[in-house]
Structure formats: structure tokens, C-alpha cells
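The residues making up each chain are set out below.
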Number of protein chains: 6
Amino acid sequence: MKRVLFVGRFQPFHLGHYDAIKKLLGKYDEVIIVIGSAENSLTSDNPLTTGERIDLIRSCLSEEELSRVLLVPIRDINSNSVWVAHLLSYLPSFEAVYTNNDLVKFLFEKHSKFNIIGGFHKKELYNATRIRELIKNGDPSWKACVPKEAVRFLESIRILDRLVRILN
Amino acid sequence: MKRVLFVGRFQPFHLGHYDAIKKLLGKYDEVIIVIGSAENSLTSDNPLTTGERIDLIRSCLSEEELSRVLLVPIRDINSNSVWVAHLLSYLPSFEAVYTNNDLVKFLFEKHSKFNIIGGFHKKELYNATRIRELIKNGDPSWKACVPKEAVRFLESIRILDRLVRILN
Amino acid sequence: MKRVLFVGRFQPFHLGHYDAIKKLLGKYDEVIIVIGSAENSLTSDNPLTTGERIDLIRSCLSEEELSRVLLVPIRDINSNSVWVAHLLSYLPSFEAVYTNNDLVKFLFEKHSKFNIIGGFHKKELYNATRIRELIKNGDPSWKACVPKEAVRFLESIRILDRLVRILN
Amino acid sequence: MKRVLFVGRFQPFHLGHYDAIKKLLGKYDEVIIVIGSAENSLTSDNPLTTGERIDLIRSCLSEEELSRVLLVPIRDINSNSVWVAHLLSYLPSFEAVYTNNDLVKFLFEKHSKFNIIGGFHKKELYNATRIRELIKNGDPSWKACVPKEAVRFLESIRILDRLVRILN
Amino acid sequence: MKRVLFVGRFQPFHLGHYDAIKKLLGKYDEVIIVIGSAENSLTSDNPLTTGERIDLIRSCLSEEELSRVLLVPIRDINSNSVWVAHLLSYLPSFEAVYTNNDLVKFLFEKHSKFNIIGGFHKKELYNATRIRELIKNGDPSWKACVPKEAVRFLESIRILDRLVRILN
Amino acid sequence: MKRVLFVGRFQPFHLGHYDAIKKLLGKYDEVIIVIGSAENSLTSDNPLTTGERIDLIRSCLSEEELSRVLLVPIRDINSNSVWVAHLLSYLPSFEAVYTNNDLVKFLFEKHSKFNIIGGFHKKELYNATRIRELIKNGDPSWKACVPKEAVRFLESIRILDRLVRILN
């Protein structure tokens, strides 16, 4: 059984994440998705709760995919030196780490021997910070950046209203 | 989509847990399993890490079951008054809570309106504290208390050796 | 017995707070004042300790008011999803929440059924951030923004000297 | 203005506490009551929330007493060396500490110059641990150990039911 | 430069610790002494502060030894899975771990590749728990269990008085 | 035995720190160096771990100096009111505090009676923030700001590469 790790905050889950997971599922038996900053929610940078992020990501995956994707929420700790050990205590065994984040790559290289891969998803195209800005400004073009089911989910929790009220 | 919540520590996962999940999967679309005390590990009461508990539980479930079971590790917080709110922030939406634990029942009754059900699994028969004792004492009868795949997993991580060394 | 809740940081207590409390005491039997960010002190944003804030607020109230005002210091927690539950565990029963803060309003609407009222105090006129700026800059006009007893108290702890030294 | 400090957990508030406060109010202008272990609640040793303890204590005091008693909930910290400094940051100025607890006395002697007084209340007669035991066992003699208003309050929150369910 | 690690709580520092350090200094260039449970103090199990433990240990060492012994206080964290990473972030480079503790050995074996050595000091003879008991009971035989300078230091801070008052 | 306290973060240790320690060693028997923010590391403001800072500082000192310098790492706490008490619980006895930092001076004046001295090291000349900037920008002039042994140590851990990767 070959598993790969994918760490993100998914505020919100977008097509960049989605494409990366699709590609990883093509190469690995299972994908472990760490939902980072699990205890932050209802803030401008972290508008969704962890529970909502689980609902959101699951709503975008097929039944077959659901059986091969592991969602593991993990809270932040305030010490980068301990972060990899913290993650490993929460995670089932895996073989490789997929990341586009320089710090994540640095920490896994320094504190583990995992194979680290990257490069799939298009940062310029899909960017959660920009998507939150678009939503808050009432610009409907955000809907082209996330899977269709994600649009439905985010509208059902009235994300625009939430972002406006939290951000004020 | 009807979901039910099941909270446990799974130190280790045993046939009582397994039977309860089977029965819950017969009545609900999905079962959310909270892996409690997620940050405790490698102690006498919590010998397994959260990652190992995820591996252990998943190894006992079929592919179809895996697509309908959500494993959500959650750390303890030191305030019972806040515990339900803490849990809810980590959990996707659900309809009912399954529990045999008096305190869990009390807290959900006090701080939520969820339907609470109980009574399935046989506490006298399958008990994690007793199973840890049997393993530590080298009594092989523990193997009759957990699913076959769990025996394999626990032996692969040399659980006897671990318990003896941690408990000393 | 009808009680209303009023949440603030009171860094420092000013005429806006004072007027709101007066008005709330006209409509309710008792006012519960949460002194927020209770563990932050001696910083640029939180120059006063919680003890000083208690002394400061009490010095501005009459004996009759003191018997009907409850001061409850509560520390911040780093999870907005749990904040209302955290507050409720510290607070005696009450009926309504008075607030001018969008996030406080959002969180109480999302996680409780309390009646939420607002609108009394004049944000443009009395603003703690601006008052701290005035004090630090040695501009005596801050004295017109706080009750007379507050001027006396803040001068007695040499607030100007403190702000200058903390802020450097 | 002369104030005295009185530290307790008040699980529950009993006649020993009540008598001490009465006597302290005879000698001092105001009594500051620290409600300790503020974040612990709904456990066997700490069945009441902080909010309930505030309600409970206030229900036993007259209006005149209410204007001269300050209730300050403070959470525990896990370092005795820092405990007095932690308390002082939460407390308005005071002159003396009333306590019957050896550790509290030791820590205030070691880390402050406050006058420390003691000896009032009768530990053998009124003891919160014993009162919780009596309640849990359904022994009505606990009602003679607390003020009448406290009986009413504790019955209104169904304390017997709570203790039985929490303690199981 | 060859360094060895020695982890202890040193409540108090005794001849067993002293002998081990002497022997380690004979084999290694420097000894790193972790003063564990650094934030616990003034309790029955941890009567000394970290500062006192530093004073105590240093008072027993010669100038030459002082230049080759590194004292590093480290607080506990509540996760054994992360403990080694936590320690490593506080520690300068070293080659071997000296320990007589089964859990410490288990954790270093599981989470590092350090050489682990043990066996020097005589647990039956010198035992901090027993020494604290002797002191508390006023039995002067504890003085034969610690270096002479340690007797002087512990008497200077009136350890008997402290233990009696803390333990009550 | 006369000891002086010197608090810093040493990210990295530079000639300003070095000169101050030399001067303090001329006036006091021993210098206690608190390595602050001990749990922060591998971030843009705190690139070095505490262990690396210990190695770095020790590598710059002679054997004689090593026997008279005490390195004590202490983590931050998020309450300035408690900071001095927190420090004191970690520190052996001392007589004076050396600092150029206004807040440190303010807190020691408010919460202790130590003699506070300052003024030695040249803030304009040697500044850790500026040194980190120089390193990150590949400007070799940083090497003139730290002791020679520090250059060697920082190059051996590839500080430029680390800063670039962490800061991105």
C-alpha cells in the first residue's frame, strides 16, 4: 500500500487542490490529506471550521475516491522544530510528501527521510487568499476557482455573509 | 445523508467497537468516529499513536465501509464545559450520537440537542483496559477480543514489547 | 432577575463604556461586564492589568451600581468556534447580549439563542485605541474621553510613563 | 479603602466560607473572592461551572454585601512559582490575605509581603469534599452545611443528578 | 568534541547523579544535563525550582567540571511522541544518551539513532523519592545520600520546612 | 559570588552581545545568559534552534569563560505581568540585571528590586535583525558583525540557505 501526504489549510478547497489530489490518486493507492490549522476557524484567514472543511472536501469526491482519501485535521503548534514529529504522531504510515510550500519542504527534509514531490498545482491560477478576497468583494468569478460541489456547499453556509461579518 | 457520531479512544480498537460500527453502518449512511485523546500516545493508558489507531481501524474495514466511515482525531481539552463546542468545530454535520459513556451522554445532553443512542456494545466482554492488561501479561487470550486484522497490526508494531517497556 | 452581558477590553474604560452601562442599568436588573483578554497586560494594546481594570471600573461606579454590576475577567482562547461556550462556562445566567462588535454578534448568533442588542455607545467619539494614542503623545485631550475618576486612577498609576516605556 | 483576599474553589460554597466572609466584611471595607480552578467544571471534584459558582455565591449575599464583595474567577496555572504573580495580575489592590491553606500561605509568604491571616472557618465542620460526597450519596444532611439560598440554587440545577452522572 | 546527554529531574541532586556525571566526564568531553520538568516547582514531587536546581548542581562541581557540564532546563510536554524532537530543539549536538529510565530509552530508540548507554548509578542506593521522604520525616540520614555541598545548599533554603508545608 | 543577568534572543549571537559579556565578566563572578524565545525556531525572526544557539555561544567562549557563564534557555509566556516571576523560577540567584531593552527594564523595575544596569553594547552597530537581513541578501558584510567562531558555526549549518528557504 503506497500512500502520499498532502498538507493544506483548504480555506477553501479549490480546483488546484482538487487537481493535485486527482493526480496523486493516479500514482498512489491512498492520499492522506492533513487539514492544517485545525483549531482556527471563523477568522478572516480561516473562515471555515474543520468540520466544514471535511464536509466540503468530501462533497467533491466520488465514493471510490472517498475510500482512498484520508482526511486528518491537525492543529498548529508554535514550534517549527517539533512540527514534523507532531504530524507523524497523527499520521498513518506513508511514503512520500507532496507540497508546494517551501517551509513544509524544508522541515520535512530536515526532520525526516521522506521522498518529497511537488509542482502539480498552479499557484497563480488557484489561490485561497485570492478566492476569499473575491468572495468578500461579491465578485462571482470565485465560482470558477472551486469544484462545482464546493460552490454549492459554500453557498449553503452563506460564505459571503460570513466573510463580510468576520472581516469587519 | 444521515450521519451518526461515535467517540472513543481505541487503545486498542476491539470487537466491541467493531460490532457497534457494523450496526451503526446498517442504520446510518455514514459513521463519524472521533479518535479521542489524539495527542496522548506511548503511555500506559494510551500506548498507540493516533496514526497507528487510524492504520489499525482502517485495516479492519472493507473498501465499502472505508468510504462511509470518517475518522477524526481530536485532542482533549481540559474543560468539560467547552468539550462539545470543541468537538463540533472539528466535525462535519451529523444527526445522532452513539455512546455508552455517562459523561459523554451528560455533556451532549447539556450542550446540544442531538439524539443520543446507546446500548450496543458489550462492555463486560470487550474492554480496552483489560485487553492492555492481557497483552502486557503475555496472555494470548487478548487476540480473541479484537478483529483478526487488528491482531496482525498490533503484532507488527510489537505491542507486547512496547507495553512492557512503557509500563515499567 | 434580568441580566445583560457587555463584553469589552476596557484598555482603558471610557465614557462610551460608561454611558452604555448606565443605559443598560436602566433597562436590566444587573449588568455582567466581561473584561476580555484578561491575561494580556503591560503591552502596547493592553497596557493595564486585569486587576487595574477592575479597580478602574469600580472607581467610576456608585455603591448602588456596584451591587448591580458583575465584573468577570476572561482570558482569550485561540478558537472562535469555542469562544461562546468558553464565555458561558464563566458566566452566571443572563438574557441578552449588548455589543457593537460584528464578530461578537456573529459568534453569539451562530452559537447561542440570546437576544442581541446594540447601538448605544458612540464609536467615533470614544475609542480606546485613540485614547491610548493621545495619552502616549502627551495630548491631555484624552481626559475628556474618560470618567473623572478614571483620569485620577490612570494618573495614579502613571499611565503616560507606562505607555511610553512599553511602546518603545 | 482596605481590602482582603480570600481564595477558594467553592465546589460548593458552604457555611464555612459564608461565615468567613461575614467576619472579613466586619473588618475590611471590601472582600476579594478568588474563584479558583475557574476553567475546571463538570468533573467529580469541580461539578459547578464558574458561572454557577458566581450565581450561587451572589444568591447568598445581601445587596449591601454585594457592593462590597468582588468575585474574581482565575484559572489554575501549572507552576506554583508563578502562581502569586498570576493572581496579582488579575486582582485589584488589597492589603491582606485570608487563608487556611498551607500551600497558599507558603506561596504568599515566599512571593509577596502581604499580611496573611487565617483561622476563622471550621474545617472539620464544613468541608466541600465531604459535602459533595453527601450529595452524591443522597444524604440530605448536606443541606445543613450550606446557606439556605445555596440549597435552593443547587437543587434548581439538579446537583444530585449531575454528581451521580459525572462521577460514574 | 564528544558529548553525552543525561536527563533527570534532580529533586534533589544526589550521589547517584554525581557519580554518573563523574564517570561520564571521564569518557566524554562534555556532559549535557537536561533538568527535566523545568516548570514544575514547589510541589511535593518537585520541591525545588529550576533555578535552585541549577545552583545546587553547580555548587557540587569544580571549576574544571563546570566548564565541561552544560545544564539545560526543559519543560515537560504532554506528548511522548513529540518529546525527543522537543528535547533536540533545545540541545546542542551530542553523540550518546545516558539513561537508566526505560521510557527515556524507549523514546530515544524509537525516535532517534543515538547510542544509548546506562547502568552506572545505583538506583537502590540513591533515590530522590526516598530522599524527599527522609527529609520530610526529619530523618537526617538523607545527608549521606547527597554531596556535602548539596547538604549545605538544601539546608540554606530550609528544605525540611518547605517540604512539610508543601506536602500538607 | 556575584552574578549578573543578561537576557537576549541571540538570533544570532553577535559582537555586541560578545562585548557586553566580556565587560560583565570583568565586573561579576558569573554571567547568567537567558536565551529567550527558547521554543521558537526555524522561523524568519528565529532561524536558529535553542540547541544551535547554545553551540554558537559556547563556541565563542574560552574554557575559563565557559566555567563562569550560565546559559539558561527560557520559553516566552504570553503575559508580561508574569514574565519576571517566570524567569526567576528558572534562574539561580543573581544581583543585577543588564539590559538595553526598555520593556525588560520596565518589567524588572515593576516586579523586582534588582539593580538594573545598561548601556554597554552599541545597538546601531550590531543588530540581529539587520544581520539576518544581510545574510539573507547574500551580503558578506554580516561576517564582520559576529565573532569569527560564529561565522564558522553559522556557515557549517548553512545559514544562508536556511534563511532563504524559511523566509520565502
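Here, the structure is the one placed above.
Residues numbered from 1 in each chain as written. Chains lettered and ligands numbered in written order. Predicted model: local features only at pLDDT ≥ 70, side-chain atom pairs only at ≥ 80, totals over all residues. Heavy atoms only, no water.

S.K.: So what's going on with the overall build of chain A? Residues and values would help.
M.R.: On a plain count of helices and strands, chain A comes out with eight helices and five strands. For chain A, the N- to C-terminal ordering of α and β elements is β-α-β-α-α-β-α-β-α-β-α-α-α. On C-alpha atoms alone, chain A measures out to a radius of gyration of 16 Å, which is about the 15 Å that the 2.2 N^0.38 rule sets for 168 residues. For chain A, the spread of C-alpha atoms along the principal axes amounts to about 45 × 35 × 25 Å. When each of the 168 residues of chain A is scored for burial, the buried share is 60%. A fraction of 67% describes how many contacts in chain A between residues 6 or more apart in sequence connect residues 24 or more apart. Taking the average place of the 24 positive charges on the side chains of chain A and the average place of its 20 negative ones, the gap between the two points comes to 2 Å. (Helix = DSSP H or I, 4+ residues; strand = E, 2+ residues; numbered from the N terminus. Rg over C-alpha atoms; globule rule 2.2 N^0.38 Å. Buried < 20%, exposed > 50% of the residue type's maximum accessible area, 1.4 Å probe, protein only. Contact = heavy atoms within 4.5 Å. Lys, Arg positive; Asp, Glu negative; His and termini not counted. Charge placed at Lys NZ, Arg CZ, Asp CG, Glu CD.)

S.K.: Residues and numbers for empty space enclosed by the protein, please.
M.R.: The tally for this structure, following the rule as stated, stands at eleven cavities of 30 Å³ or more. Together, 16 residues line the largest cavity, and E:V69, E:L70, E:L71, F:L70 and F:L71 are the ones closest to its centre. Only α2 (50–59) and β3 (69–73) of chain E together with α2 (50–59) and β3 (69–73) of chain F provide two or more residues apiece to the lining of the largest cavity. Broken down by class, the residue content of the lining of the largest cavity amounts to 14 nonpolar, no polar and two charged. (1 Å grid on protein atoms, 1.4 Å probe; cavity = no way out; pocket = protein on both sides within 12 Å on 5 of 7 lines; lining within 4 Å. Points joined across faces, edges and corners; volume = space filled by probe spheres on them. Nonpolar A, V, L, I, M, F, W, Y, C, P; charged D, E, K, R; others polar.)

S.K.: I'd like a rundown of the environment of E:I166, residues and numbers included.
M.R.: Here E:I166 lies in helix α8 (residues 159–167). With a relative accessible area of 8%, E:I166 lands in the buried category. Every residue in contact with E:I166, bar those within four places of it in the chain, is listed here: D:L103, D:F106, E:L42, E:T43 and E:S44.

S.K.: I'd like to hear about the relation of the copies chain A and chain B, residue by residue, with values.
M.R.: Mapping chain A onto chain B calls for a screw motion: a turn of 180° about the axis and a shift of 0.0 Å along it, with 0.0 Å RMSD after fitting. Viewed as a symmetry operation, the transformation between the two copies matches a two-fold axis. Considering only C-alpha atoms, the part of chain A nearest the rotation axis is A:S67, at 2.0 Å. Same-surface contact between copies: 100% of interface residues of chain A are shared with the interface of chain B. (Least-squares fit on C-alpha atoms with pLDDT ≥ 70 in both.)

S.K.: Tell me about the packing of helix α6 (residues 128–136) of chain A against helix α8 (residues 159–167) of chain A, and name the residues and values.
M.R.: All names here are of chain A. Where α6 meets α8, the closest approach of the two axes is 8 Å, and the angle between their N-to-C directions is 95°. One way to sum up the angle between α6 and α8 is to call them roughly perpendicular. Within the contact between the two elements, α6 uses R132, I135 and K136 and α8 uses I159, L160, L163, V164 and L167. (Axes fitted to C-alpha atoms, helices over the stretch in contact; angles between N-to-C directions. Parallel < 35°, antiparallel > 145°, perpendicular 65-115°, else oblique.)

S.K.: Outline the packing of aromatic side chains, supporting the account with residue identities and numerical values.
M.R.: Inspection of every chain in the model, using the stated rule, returns 42 aromatic pairs over all chains. Seen from their ring centres, C:F6 and C:Y98 are 5.3 Å apart, and the 80° between their planes marks the pair as edge-to-face. Here C:F6 is found in strand β1 (residues 3–8), whereas its partner C:Y98 is found in strand β4 (residues 96–98), with 92 residues between them in sequence. According to the relative accessible area criterion, C:F6 is buried, its value standing at 3%. A ring pair is formed by D:F10 and D:F13, whose centres lie 6.0 Å apart and whose planes are at 50°; its orientation type is tilted. Here the two residues D:F10 and D:F13 agree in accessibility, since each one is buried. Three or more aromatic residues joined by ring pairs form one cluster here, namely A:F6, A:F10, A:F13, A:Y18 and A:Y98. (Phe/Tyr/Trp six-rings, centres within 6.5 Å; stacked < 30°, edge-to-face > 60°.)

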